[in-house]
Every structure is written in structure tokens, then in C-alpha cells.
Amino acid sequence: MAFSSLTIGASGLYAAQRAVEVAAHNVANANNEAFTRQRVTLQSALPTPGTAGMRGDGDRGTGVAILDITRLRDRLADVSYRAEASISGAADARAGTLARADSLLGTFGDGAPESLSSFLAAWNQLSLTPDDASARASVLAAGQRLAEGINGAAQQLTTVGHEVALRVTDDVDELNGLLTSVAKLNYEIVKASTSDRSPNDLLDQRDAALDRISQLTGAKMDPQADGSVNISVGGVDLVNGITASTVATSGTEPVTVSVNGSTLAMGGEIGGYVATVGVDLPAYRAQLDALAVGLRDAVNAAHRAGTGADGSTGRDFFVGTDAVSLAVDPTLTGDGVAASASGATADGNNALTIATALRQGVAVGTQTFGDALRSFGGRVAQASTDATRNARTAQASLAAAQTARSSLNGVSVDEEMVDLVKFQHSYEAAARVISVADSMLDKLINEMVR
Amino acid sequence: MRVSSLSTYLTTTRGLGTALERVQQEQQKVAGGKSLTRWSDDPAAGSAAERYRSEEADWTTYQRSGNDALAWLGTADGTLQSMSSIMTRVKELAVSAASGSLTAASREAIASEVDQLRDQLRDLGNTTHLGRSLFGGFAQSALATGAGGVVSYAGDGGQVQRQVSPTITVAVNVDAKDVFGFTAGAGQDVFSQLTDLAAAARSGNTAAAATAQTTLEARHSDILKGLSQVGAVTNRVEVAQSTGSAALQDLATRRSDVEDVDLADAVVKLSSAQAGYTAALGAASRANLPSLADFLR
């Protein structure tokens with residue numbers, strides 16, 4: 001066929017058009033984080049069958065064919081990004097939770113340690129003026145304030161636990177949505193692949209979902225030969241082919257996540273929340289309870305030995321069994337406060353004994369109550385600071401992984417411009433080929449017949 | 001390394017965010033004047049600040065107790081001084097009464113002066129400080145006057161204690177039992193002796209007056225003993241007070257060291273952070289360079 005140059009030219013036009021389309025698609029998605037740049041893979045089209053023994057009529061070229069439009073995606077970058085996303089998710093969750101628990105002892109410089117100082121000062125003041133009703137009242141008030149400081153801390157722990165449980169519920173809802181969409185995308189992708197299409201944009205969608213799932217759970221992702229991806233946590237499938245499991249959460253403390261009743265040990269954000277609310281908060285609660293009991297026992301032992309202005313002896317000052325229930329005995333009146341050691345109302349020596357017992361006596365473990373209270377505050381603050389620092393480091397690693405990945409997968413406008421120019425020129429050249437073929441045909445048909 | 005539009009954008013926004021965060025942190029420090037606003041800003045410094053604060057509160061309490069103790073001791077000292085001068089006068093009178101060369105009128109004069117001084121001494125013994133008996137322990141009054149003007153001990157021997165430092169607790173009162181010799185045996189106390197002296201003076205019993213004189217000598221030394229006890233305790237309290245004010249000053253300085261912002265340093269850091277932010281902004285405006293698209297027609 002003498003004029004195959006027409007069809008060859010047409011194939012060039014077509015290829016150039018398609019390449020410009022792809023470049024346009026890339027430029028349009030230049031700032032889409034989930035997008036992976038695409039490339040047209042060109043191949044010379046199948047040559048004509050030649051005539052045996054005639055090299056001049058050998059397999060002649062028939063133009064260009066578009067083999068495929070591929071995503072230029074780096075799998076390794078995905079793996080490292082998702083590993084960092086899981087670590088960072090867990091660290092953020094922990095830091096966020098501990099930062100909420102950071103002010104357990106109240107405002108810094110005006111919290112429970114300061115209430116303790118006021119309480120001690122009130123006892124000392126009472127020892128100076130044991131017959132002063134207002135000094136008695138202020139001992140009760142200062143004791144109540146200190147007890148409320150400890151109640152408040154326990155209350156705050158409960159609030160934080162509650163918030164975290166709600167947060168996990170939200171995350172699990174989101175996760176279930178993502179798992180369903182991954183299963184759906186698996187189906188679409190397998191279908192497209194088996195019918196020899198390139199489901200590039202579906203793959204991008206699925207990769208975005210997988211990124212978020214990694215951040216939430218740190219789950220294991222297994223790409224399958226058919227193009228689908230299976231997701232599992234600790235051997236339990238979350239997505240298997242086109243089937244997604246439903247993750248459930250307890251919604252209250254103790255917070256757990258499970259699939260069909262089997263508890264999952266997750267990583268990521270959900271795992272971070274579950275671990276913090278399951279390990280750190282109960283530890284804080286136990287320490288607060290020890291503080292409450294230590295305070296109660298230290299004060300009560302000294303208080304019982306004294307006599308009130310109303311002659312009562314052997315009375316407790318604090319009641320309650322833990323950090324939540326600690327309170328000044330509600331039946332204790334100002335006159336019941338046992339300031340007197342001898343029984344005389346003008347005697348304030350037992351108030352002094354109580355203050356000294358609380359200041360110097362071992363109340364919690366091997367520490368005085370004040371030291372134990374301050375070291376508790378210090379520990380809580382330290383844990384929060386450490387968690388925040390870890391989260392920062394993890395965020396930096398994640399950011400580096402993200403930058404590295406987007407520099408591999410992302411669109412470079414310059415490159416696309418070069419492609420545009422390149423294919424514009426090849427379009428012009430292919431058009432030129434057609435116009436040459438056209439003028440040759442014109443010569444043949446219109447001028448030779450006449 | 002390949003540079004994509006997205007990676008440039010990510011790097012730029014991240015750089016701007018970090019720089020602005022630093023500006024905000026430094027600004028907060030300069031504005032608040034505190035480097036510690038939350039315990040977790042610096043847990044170690046926070047714990048130190050809390051410990052200093054608690055020690056400061058304790059020392060403030062001890063200082064208040066110390067001032068109260070000094071007021072007690074001051075009143076006791078003044079009262080005991082007056083008692084001591086009364087005793088000096090009483091002893092002079094006893095010497096005169098024992099001399100035996102006096103007219104009945106002079107003896108009566110001596111006797112009535114002794115009576116007067118005895119009442120004065122009793123009133124001094126019942127001195128109160130802020131409504132509390134100075135020499136009676138926790139009791140309402142130290143001395144009771146019974147039938148026939150017999151003065152008896154009405155205190156309870158209670159020790160009024162004041163904590164003036166973490167380790168020092170002092171008793172700020174002296175007891176009437178010791179001061180007036182109620183411990184020396186029946187009839188040996190200063191009031192019985194003065195009654196005896198007055199009676200001896202009236203009756204001209206020089207031997208009895210001489211006995212009373214000897215005993216009163218011992219009672220005077222009891223009062224002087226009380227005075228020196230008060231003096232010694234005052235000394236201890238004063239030492240504790242000055243230790244306390246030094247400790248308070250020291251603690252305030254140390255707390256300020258960990259808690260307060262070094263303003264000059266903070267301002268320098270703030271302007272350095274601001275310079276960093278300006279640089280990041282400049283970098284951002286240059287990073288978004290025109291692309292090849294701008295050069296193609």
C-alpha cells in the first residue's frame with residue numbers, strides 16, 4: 001500500500017494528542033496529594049508482513065501505538081511513608097491524650113501543691129490562735145480545697161478517658177468506611193485489570209485510603225497478584241479481596257477494638273489511644289488514689305490523737321477511700337477540729353503536730369505527702385513532654401517520608417511543559433506528514449488524469 | 001533528587017509553619033515574663049519551682065509564728081522585768097523589817113507597802129497577751145485569789161509552742177508555778193512569803209522577817225531564771241527568723257531563676273525567630289519560581 005504514510009501520520013497525530021492529554025491531566029493534578037503522575041508508553045506499531053526474499057519490501061513500519069498509560073509510583077516510598085504514618089499516628093494520639101492530662105494538679109503555680117501549702121499554713125495559724133473560730137474554719141476550708149484538688153485530678157482523668165473513648169469511636173467509624181471503600185476499589189481494580197484497562201486513578205484513590213488506614217491502625221498490607229490489596233492486623237483480616245470486616249469498639253473505658261469479638265492489638269492512632277487510656281491513665285489513677293489515702297491517713301492519725309474545742313477526741317479529719325471520694329469529714333465542725341493536745345481549748349499544740357506530721361511524716365511510699373504530690377505532678381508533666389517530643393520526631397520523619405514520596409510520585413510542571421512542547425512538535429510533524437501525503441495524492445489524482 | 005510541584009509546596013509550607021511557631025513561642029515568653037507557664041514546659045524546672053514555692057510558703061508560715069512568738073516573749077520579758085524590780089524593792093523592805101529598830105508606824109508602812117507590792121505582783125502574774133494568760137499555760141489565768149487574799153496557782157502547766165523553723169519548735173511561755181515558786185513546797189511561794197513578811201513587819205517579828213527575806217531571795221532568782229529563759233528562747237527565735245528571711249530571699253531568687261524569663265535573652269531570641277520567619281517568607285516567595293510555562297508562548 002503506497003499511501004500508508006497517511007495512516008502512519010494519523011497514528012502519530014493520535015499518539016501526540018493522547019500524550020498531550022496525559023500531560024494536561026498531570027498538570028491539572030499537580031497539587032493533588034493523592035495523585036501519581038502518569039506517562040504514555042509508546043511503541044512502534046506492528047509492522048506489515050513482508051514479502052519473503054525482498055528486503056526492500058521487508059516488515060515496513062506502520063506508525064506508533066500507545067502501549068499503556070502507567071502510574072510512575074514508587075512502592076518502597078509507600079512502604080516507608082506508611083510505616084512512619086503509623087508511628088506518627090500512635091505518637092500523636094499519646095501526646096494529645098497526655099497533654100490533656102498534663103494539668104491534673106491544676107494551674108501551674110496555683111494548683112494542688114499550693115493548696116497543700118495553704119492547708120499546712122492554716123494548721124500553723126490555728127496553732128497560734130486555737131480559740132479563734134475563723135482559724136478553725138479556714139483549716140476546714142483549706143482541707144476541703146486540697147481534697148477537691150485531688151478529686152478534680154481524678155475527675156479530669158475520667159473526662160480524658162471518656163474523650164479518648166469517643167475519639168476511638170470516631171476513628172473506628174472512619175476506619176470502617178475506609179475498609180469498605182478499599183474492598184470496593186479492590187473489586188473495581190481487579191475488574192479493570194482483567195479487562196486490560198489501566199485503572200490508574202482508582203489505584204490512586206486506593207493508595208490514599210491505605211495511607212489513612214496505616215495512620216489509623218498501622219495494619220499490614222499485602223498486595224495480591226490480581227491487583228487487590230489485603231489488610232490485616234495481627235493475623236486478623238480487615239480486608240480480604242472484596243470483603244471488608246467491621247471493626248467494633250467498646251466506646252467506654254477500658255477501650256478495646258475488636259473484629260467479630262477477637263480483640264485487635266493495633267498500632268497507629270487507634271492503637272496509641274487504646275494504649276494510653278489502658279496503661280497511662282490507670283497508672284495515674286492508682287497514684288492519685290495512693291496520694292489520697294496517704295493524705296487521709298497522715299492527717300487522721302495525728303488528728304485522732306487531739307481534742308476538739310467541743311471536747312471530742314478520736315475524730316477523723318478526712319474521709320473517703322480513693323482520689324474521687326476524698327473529702328473533709330462533712331460532720332466535722334470548726335469546734336471539732338482537734339487543735340488541742342492536752343484538751344484545753346487554748347492549746348494549739350496538736351495543730352502543730354498535725355502540720356509537722358504532714359510536712360515530715362512518710363505518707364506515700366517512702367515520701368512525705370508534699371514530695372509525693374510534687375513528684376506525681378513532675379512525672380505527669382515529664383510523660384507529657386516526652387510524648388510531645390516523640391510526636392514531634394515522628395512528625396518530622398513522616399514529613400521527610402512524605403516529601404521524599406511526593407518528589408518521586410508528584411507532578412513536576414516543568415517536565416509536563418517539556419512533554420507538551422515535545423508532543424506539540426511531534427503533532428506538527430505528523431500533520432506535516434499527512435499534508436505531504438495529501439499533496440502527493442493530489443498530484444496523482446488531479447494532475448495525472450487530465 | 002527529582003523535585004515535584006507538590007514536594008516544593010510541602011517543604012515551603014512546613015518551613016513557614018515551623019518558623020512562625022518559633023516566633024509565637026518566643027513572643028509568649030516575652031509577653032508573659034515567665035518561661036514556665038505549664039509544668040510540662042520544663043518538668044525538671046517545674047518540679048524545682050514547685051518545691052521552692054512550697055518551702056517559701058512554709059518559711060512564711062514559720063516567720064509568722066516567729067513574730068507571734070517574739071510578741072509573747074516580749075510581753076513576758078517586760079512583765080518579768082517589772083516583777084524583778086518589785087522583788088528588789090521587796091527585799092529592801094524585808095531587810096528593813098528584819099533590822100528590828102523600827103517604830104510601829106514605820107513597820108506598818110513597810111507592811112502595807114509589801115501588801116501593795118504583793119497585789120501588784122499578783123496582777124503582773126495574771127498578765128494576758130492577746131487574751132491569753134501569759135504565765136498560766138492554757139488556763140484562763142495563772143493565779144487565783146482565794147478567801148483571805150490567799151493567792152494560789154491556777155495554771156495548767158501547758159506549753160505554748162511555736163514552730164519557728166522546719167526543725168525548731170519552742171515553748172514561748174514560762175509557767176507561774178516556776179516563776180512564783182509554787183513548786184518549792186507549801187507556803188514557800190512568793191505570795192505566801194510576802195503575806196508572812198507583811199505579818200512579820202506588823203508584829204515586829206524580825207526572825208520571821210529574816211526567814212522571809214532568805215526565801216524571797218530564792219524567789220527573786222526564780223524570776224530571774226524565768227527572764228533568762230525568755231531571753232534564751234528569744235535568741236533562738238531571732239536566729240530562726242533571720243535564717244528564715246535569708247532562706248526566703250534565696251528561694252525567691254532561685255525560683256525566679258527557673259521560672260522567670262531573662263528578658264534580654266528572650267527579646268534577642270524573639271528577634272532571631274522573627275528574622276527566621278522573614279527569611280522563610282523570602283525563601284517561600286523565591287521557591288515558587290515561575291515554571292517553564294511562563295517562558296513558552
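Everything numeric here is computed off the predicted structure, so don't read it as measured data.

**Considerations on the overall build of chain A**
For chain A, the helix and strand inventory stands at nine helices and 15 strands. Taking 450 residues into account, the globule formula puts the C-alpha radius of gyration at 22 Å, and chain A, at 38 Å, lies well above it. Principal-axis analysis of the C-alpha atoms places the extent of chain A at approximately 145 × 40 × 30 Å. Considering chain A as a whole, with its 450 residues, one finds that 45% of them fall into the buried category.

**A word on the overall build of chain B**
Within chain B, the regular secondary structure consists of seven helices and six strands. From first element to last, N terminus to C terminus, chain B shows the α and β order α-α-α-β-β-β-β-β-β-α-α-α-α. Relative to its length of 297 residues, chain B is extended, with a C-alpha radius of gyration of 39 Å against a globular reference of 19 Å. Principal-axis analysis of the C-alpha atoms gives chain B an extent of 140 × 30 × 25 Å. Burial analysis of chain B (297 residues in total) assigns 37% to the buried set. Sequence-distant contacts, at least 24 apart, represent 69% of the contacts inside chain B between residues at least 6 apart.

**Considerations on the nonpolar core**
Ranked by size, the top nonpolar core spans 103 residues in total, and within it A:Trp123, A:Ile150, A:Ala153, A:Leu179, A:Val182 and A:Leu291 carry the most contacts. What A:Trp123 contacts, discounting residues up to four positions off in sequence, is A:Val139, A:Ala351, A:Ile354 and A:Ala355. Core analysis: the next-biggest nonpolar cluster, separate from the first, contains 53 residues, B:Ala94, B:Ala200, B:Leu216 and B:Ala240 among them.

**Comments concerning the sheet that holds strand β9 (residues 247-249) of chain A**
Residues and elements named next belong to chain A. An order of β9-β10-β11 is seen for the three strands of this open sheet, with the pairing classed as antiparallel. Taken across any chain shown, the strands that pair with only one partner, and hence form the sheet edges, are β9 and β11 (262-263). Strand contacts of helix α4 (residues 133-194): β9 and β10 (257-259), with the helix running at about 170° to β9, the strand carrying the most contacts.

**Observations regarding the interface of chain A and chain B**
At the interface, 42 residues of chain A touch 39 residues of chain B. Listing elements by their share of the side of chain A that touches chain B, those giving two or more residues are α3 (112-128), α7 (349-360), α8 (369-409) and α9 (413-449) of chain A. Its residues placed into classes, the side of chain A that touches chain B shows 17 nonpolar, 19 polar and six charged.

**Some words on the pairing of strand β5 (residues 220-223) of chain A**
Residues and elements named next belong to chain A. As defined by bridge partners, β5 adjoins strand β6 (residues 229-233) across four bridges and the pair is classed as antiparallel. Its bridge partner lying in β6, aspartate 222 is registered against asparagine 230. In sequence, β5 turns back onto β6 through a hairpin of five residues, with glycine 227 there showing a positive phi of about 100°.

**Thoughts on the packing of helix α5 (residues 200-217) of chain A against helix α6 (residues 268-304) of chain A**
Residue and element names in this part refer to chain A. Following both chains from N to C, one finds α5 and α6 inclined at 15°, their axes separated by 2 Å at the closest point. Between α5 and α6, the crossing angle belongs to the class labelled roughly parallel. Between α5 and α6, the residues in contact are Ser214, Gln215, Leu216 and Thr217 and Gly268, Glu269, Ile270 and Gly271, respectively. Residues belonging to the contact of α5 with α6 are distributed by class as follows: two nonpolar, five polar and one charged.

**Observations concerning the packing of helix α3 (residues 104-125) of chain B against helix α5 (residues 190-203) of chain B**
Residues and elements named next belong to chain B. Where α3 meets α5, the closest approach of the two axes is 8 Å, and the angle between their N-to-C directions is 165°. In terms of their interaxial angle, α3 and α5 are classed as roughly antiparallel. Crossing handedness for the pair α3 and α5: left-handed. Touching Arg107, Glu108, Ile110, Ala111, Val114, Asp115, Leu117, Arg118, Leu121 and Arg122 of α3 are Val190, Phe191, Leu194, Thr195, Leu197, Ala198, Ala201 and Arg202, all from α5. Partitioned by chemical class, the residues of the contact of α3 with α5 number 11 nonpolar, one polar and six charged.

**A closer look at the environment of A:Val64**
Mapped onto the elements, A:Val64 comes out in strand β2 (residues 64-71). With 204 residues separating them along the chain, A:Val64 and A:Gly268 place their C-alpha atoms 48 Å apart.

**Points about the environment of B:Ala44**
Residues and elements named next belong to chain B. Position of alanine 44 among the secondary structure elements: in helix α2 (residues 43-99). Overall, alanine 44 belongs to the exposed group, with 12 C-beta atoms counted inside 10 Å. On a C-alpha basis, the gap between alanine 44 and valine 258 in space is 9.5 Å, while along the polypeptide they are 214 residues apart.

**Side note on the sheet that holds β5(A)**
Residues and elements named next belong to chain A. Taken in spatial order, the four strands make up an open sheet running β5-β6-β7-β8, and their pairing is antiparallel. A single partner strand is all that each edge strand has here, and the edge strands are β5 and β8 (243-244). The pairing of strand β7 (residues 236-240) with β8 spans two bridges and is classified as antiparallel. Across the sheet, residue valine 239 finds its bridge partner in β8, namely alanine 244.

**A closer look at the confidence of the model for chain B**
Per-residue confidence for chain B gives a mean pLDDT of 90, with 98% of residues at or over 70. Scoring of the predicted complex yields 0.83 for pTM and 0.84 for ipTM.

**Some remarks on the pairing of β6(A)**
Residue and element names in this part refer to chain A. Of the two faces of β6, the one lined by Val229, Ile231 and Val233 is fully buried and the one lined by Asn230 and Ser232 carries no buried residue. As paired strands, β6 and β7 are joined by three bridges and run antiparallel to one another. Among the inter-strand pairings, isoleucine 231 is bridged to a residue of β7, identified as valine 239.

**Remarks on α5(B)**
Residue and element names in this part refer to chain B. In a regular helix each residue adds 1.5 Å, so 14 residues correspond to 20 Å; α5 covers 20 Å between its end C-alpha atoms and thus fits that length. In terms of residue burial, α5 counts as a mostly covered element, since 10 of its 14 residues are buried. Turning to α5, its buried residues number three or more, namely Val190, Phe191, Ser192, Gln193, Leu194, Thr195, Leu197, Ala198, Ala200 and Ala201. Each element contacted by the buried residues of α5 is listed here: α2, α3, β4 (151-153) and α6 (206-259). Remark: glycine 204 follows α5 within two positions and exhibits a positive phi of approximately 75°.

**Describing the environment of B:Leu102**
Along the chain, the position of B:Leu102 falls in the loop between α2 and α3. Between the C-alpha atoms of B:Leu102 and B:Gly204, which are 102 residues apart in sequence, the distance is 8.4 Å.

**Some words on α3(A)**
Across its 17 residues, α3(A) extends 25 Å between first and last C-alpha, which sits within 8% of the 24 Å expected from 1.5 Å per residue. Burial within α3(A) is extensive, with 16 of its 17 residues counted as buried.

Thresholds, definitions, all that
- Sequence order as written defines the numbering, with residues in each chain counted from 1.
- Chains carry letters from A onward and ligands carry numbers from 1 onward, assigned in written order.
- At least 70 in pLDDT is required for a residue's local features to be given in this predicted model, at least 80 for side-chain atom pairs to be given and counted, and no such filter applies to totals for whole chains, interfaces and linings, which use all residues.
- Put simply, DSSP H or I for four residues or longer makes a helix, DSSP E for two residues or longer makes a strand, and each gets a number counted from the N terminus.
- We take the radius of gyration over the C-alpha atoms and set the globule estimate at 2.2 Å times the residue count to the 0.38 power.
- Put plainly, a residue is buried at 20 or more neighbouring C-beta atoms within 10 Å of its own, exposed at 12 or fewer, and partly exposed in between, counting only other residues' C-beta atoms, which are placed from the backbone.
- Residue pairs are scored as contacts if the distance between their C-beta atoms, which are placed from the backbone, is within 7 Å.
- Defined on buried residues, the nonpolar core groups Ala, Val, Leu, Ile, Met, Phe, Trp, Tyr and Cys residues joined through C-beta atoms within 7 Å.
- Two strands pair if DSSP finds at least two bridges between them.
- In this description, a line fitted to the C-alpha atoms serves as the axis of each element, helices being fitted only across the stretch in contact, and the angle between N-to-C directions of two axes falls anywhere from 0 to 180 degrees.
- Classes in brief: Ala, Val, Leu, Ile, Met, Phe, Trp, Tyr, Cys and Pro nonpolar; Asp, Glu, Lys and Arg charged; the others, Gly included, polar.
- Note on angle classes: values under 35 degrees are labelled roughly parallel, values over 145 roughly antiparallel, values of 65 to 115 roughly perpendicular, and the remainder oblique.
- In this scheme the crossing of two helices becomes right-handed for a clockwise turn of the near helix relative to the far one and left-handed for an anticlockwise turn of less than a right angle.
- Every residue carries a pLDDT, the predictor's confidence in it, which falls somewhere between 0 and 100.
- Helix span, as expected, comes to 1.5 Å for every residue beyond the first.

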